[in-house]
Structure formats: structure tokens, C-alpha cells
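Here is what each chain is made of, one letter per residue.
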Amino acid sequence: MTHLVEISDLAEMLAQRIDALCVHLLPNGKRERNEYLVGSVAGEPGRSMSVCLRGARQGLWKDFSSDADSGDALDLVAAVLFRNDKGEAVKWSRSWLGLDTLDPNRLEQRRREAKAAADERDKKAHAEMMKIRGDAKRIWHGAQADILASPVHHYFMGRAIDMRRLERIPGAIRFSPSCWCAETNTRLPAMVSQIQTLEEGHISTHRTYLQRFPDGSWKKATLEEPKKTLSSFRGGFIALNRGASGKPIKEAPPGDLVIIAEGIETGLSIAVEMPEARVLAGVSVTNFQNLVLPPAITRVTIAADNDGDNEKSAAAVDRAAQRFVDQGREVKIIYPPSGKDFNDYLQLMAQGRQDDMRRMV
């Protein structure tokens, strides 16, 4: 007789044996400290995919080359062996864990142990999240608010973005002359930006590390990853411009329009050309669908990047658009006629090589 086991308990039982599970599913992977690294769910050697082996996130995994591929240990089984078929993954996992041969009493004991371990891990995960979120807030609060007198202004000007054209300088963006950078193990100048949600407020801090070049210009620092976020930004956005109403997004007037771009530079490029528009940066195209907007905003324009043949980005834009449509909002998707994004297009406009972008929105 097959005894029922909750999906969450099954995932936890797998997480408790995550070392052995990783070796079994992904033998070409490599353990480094508390991570198991592999190329992807296909199992080739590499470092794009990471499975957490210890700590509050034990059993969780993510393929950083594919924003859609992530989950718990049961999701890992489904992705690697069964093309994300969760039902087949459950059957396989029960067998691999030896649950089908256990008597009811022993199975119940295993379930209680799994539940207790999961509860403890949830507590640790929450405490860890709150600590990291606190660190993120401290970075932003410790930065200088007057960005017109900082390298951030020169960085934007170098990309044809003149924030003085806005009615109000974005309060979400600040400058830190000395922000810790793990990649260099030193402190570097950085633009730091507040990522928020309607319900929770400040949830994450975005950092763009800056560097002054010999010609005096300020650009992104020459790092492997000059842009970083501290703390999870799921569902969060960076408020770049309030638009014609001048009101914060929580107080948006009925029928308001919002333009959602991916990056800060892209969003500001639109804002300086159309200061009457409310503009948000969604941080990542896959995060667009997670944004929670107030009911007063009935019109959404998604300012997407030209990512060529990147099917995953296009799919993420479509998912977000459909979600907003399902909420009863009017949705429009726009792409820059040339260049990778609207900042590229703004720079072409500054050179007199393109027309006003206002007609597209």
C-alpha cells in the first residue's frame, strides 16, 4: 500500500540527502564549499547552475543562465529526469528515498522529522533574509541623496541622460563613495538604488559600481559583474519618475499609466524624454510578472529591450503582459526601433540619428 506524503515533506526529505541526490542526478557537477556547481539541468560540467548544500537554503537550486529554472529538491528531480513532470518526480523520489517499503509508523516518523527540519530551516531562512535586507537598507540609507553633485550625474550624462530635465530627481537613487565590492574585496564608488514593493517597502538594494577613467568620464566599473543586488528583489521595482501627477505610486490617480523598463538607465532614458510619464525599473525582465501595481493604474506600457533571438526574454515579456491583461489593465509592448534598449536609442537621438521616442509610447 502506498501511503500519502505531502509534497513539501518529500522535498524536505530530499533536501536532507541533497549531497547524495546531486551526485546521483548530476554526476558531472563539482562541490565547492556549500554549493554543488554544474552547467545546467542537462548535467554538463560548468558553473551556471548552483545547488545549495547547507544552511537555510539547503536543497534549493537555480540555473543563473535561465531565470525560469530554479526550485526545491523535488523540482530538481523533475527538471533533471522528467522534463518538469512533478508527478513522475514524486514517484521516483518516493522510491529513491525508500518510502514505499516503510511501514506506516516509520513513515509517519520520517514525516514528522522532515516537518521539524523544514520548520527550523524556515526560521533560519527568515532570519537570514531579514539580516540581509537590513544590510541592504543600511547601504542605501548611508549613501548621499544629492546625486546631481555626485559621479552618478556624470555617469548618466555620459549616457545622454540629463536628470535636470525631470521635475523631481529620483529619490530611489543615491551615491555611495565607498561601497563594499565582494568581487574586488575593496570598497568602490557606486550608484545605489532602492528596490521596493507596495506592501513591504524597501526590500533590496541595487548597486552599480562606478569607475573614473583617464579621460575624466565616469562609467560602469570594469568588473565581471558591475551590477549587483543585495537581498531578493522578487516583486520589487525602482521608482524612477512619478509622472504628471507627481504622486507616489501608492497614491496614483485613477486611470494612471505606468511605463515599466528593465534597467535604471533604460527607464530614465524614457523619463527624461517624457517627464509626464510614471516610470519604473523592474530590475529583471523575468521580474515584470511579479510586480504588484495599485488598481488605479489601468494602463501599462512595457518598454522591452531588443534581445535578438532571446526566446526566454520574449516569453517573460509576454507572461507579464498577459498577467496585466488578466488584471483588467490595458497593455502595450514597445521596443526601440534601433539599439539594444531605449538608452541606446536616446544616445542615437542625442547624435541626431533618430526621431523623438515619444511617438512610440
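The rules we used
- Residues numbered from 1 in each chain as written.
- Predicted model: local features only at pLDDT ≥ 70, side-chain atom pairs only at ≥ 80, totals over all residues.
- Heavy atoms only, no water.
- Buried < 20%, exposed > 50% of the residue type's maximum accessible area, 1.4 Å probe, protein only.
- Helix = DSSP H or I, 4+ residues; strand = E, 2+ residues; numbered from the N terminus.
- Contact = heavy atoms within 4.5 Å.
- Polar contact = N/O pair within 3.5 Å; in protein donor to acceptor, adjacent residues only side chain to side chain.
- Pairing = 2+ DSSP bridges.
- Axes fitted to C-alpha atoms, helices over the stretch in contact; angles between N-to-C directions.
- Salt bridge = Lys/Arg side-chain N within 4 Å of Asp/Glu carboxyl O.

(A) Region of interest: helix H3 (residues 73-81). In terms of burial, H3 is largely enclosed, as seven of its nine residues are buried. At its buried positions, H3 is contacted by helix H1 (7-16), helix H2 (18-25), strand E3 (49-52), strand E4 (61-63) and helix H4 (86-97). For H3, the N-terminal capping position is held by Asp 72, with its side-chain oxygen 3.1 Å away from the main-chain nitrogen of Leu 74. With its phi angle positive at about 50°, Arg 83 sits one or two positions after the end of H3.

(B) Geometry of the sheet that holds strand E1 (residues 30-32). Spatially, the five strands line up as an open sheet ordered E1-E2-E3-E4-E5, and their pairing is antiparallel. Both outer strands of the open sheet, E1 and strand E5 (70-71), are each paired with one neighbouring strand and no more. Note that strand E2 (residues 35-38) and E3 share four bridges and pair antiparallel. Note on E3: the bridge partner recorded for Leu 37 is Ser 50. Of the strands in this sheet, E1, E2 and E3 touch H2, which is tilted by about 150° from E3. The sheet contacts of H3 involve E3, E4 and E5, and relative to E4 the element is tilted by about 40°.

(C) Looking closely at the pattern of salt bridges. Per the counting criterion, the structure on display carries 19 salt bridges. Across the pair Asp 119 and Lys 115 runs a salt bridge, and its minimum N-O distance is 3.0 Å. Linking Asp 119 with Lys 115, this pair stays in helix H5 (residues 104-141), spanning four residues, or about one helical turn. A salt bridge links Glu 273 to Arg 165; the nearest nitrogen and oxygen atoms lie 2.9 Å apart. Of this pair, Glu 273 sits in helix H7 (residues 264-273) while Arg 165 sits in the loop between helix H6 (151-157) and strand E6 (173-181); the two residues are 108 residues apart in sequence, bridging distant segments of the chain. Residue class for Arg 165 comes out partly exposed when judged on its relative accessible area of 42%. Connected through shared salt-bridge partners, Asp 19, Arg 31 and Arg 54 make up one network.

So far we have only geometry, and geometry alone does not tell us how the molecule works.
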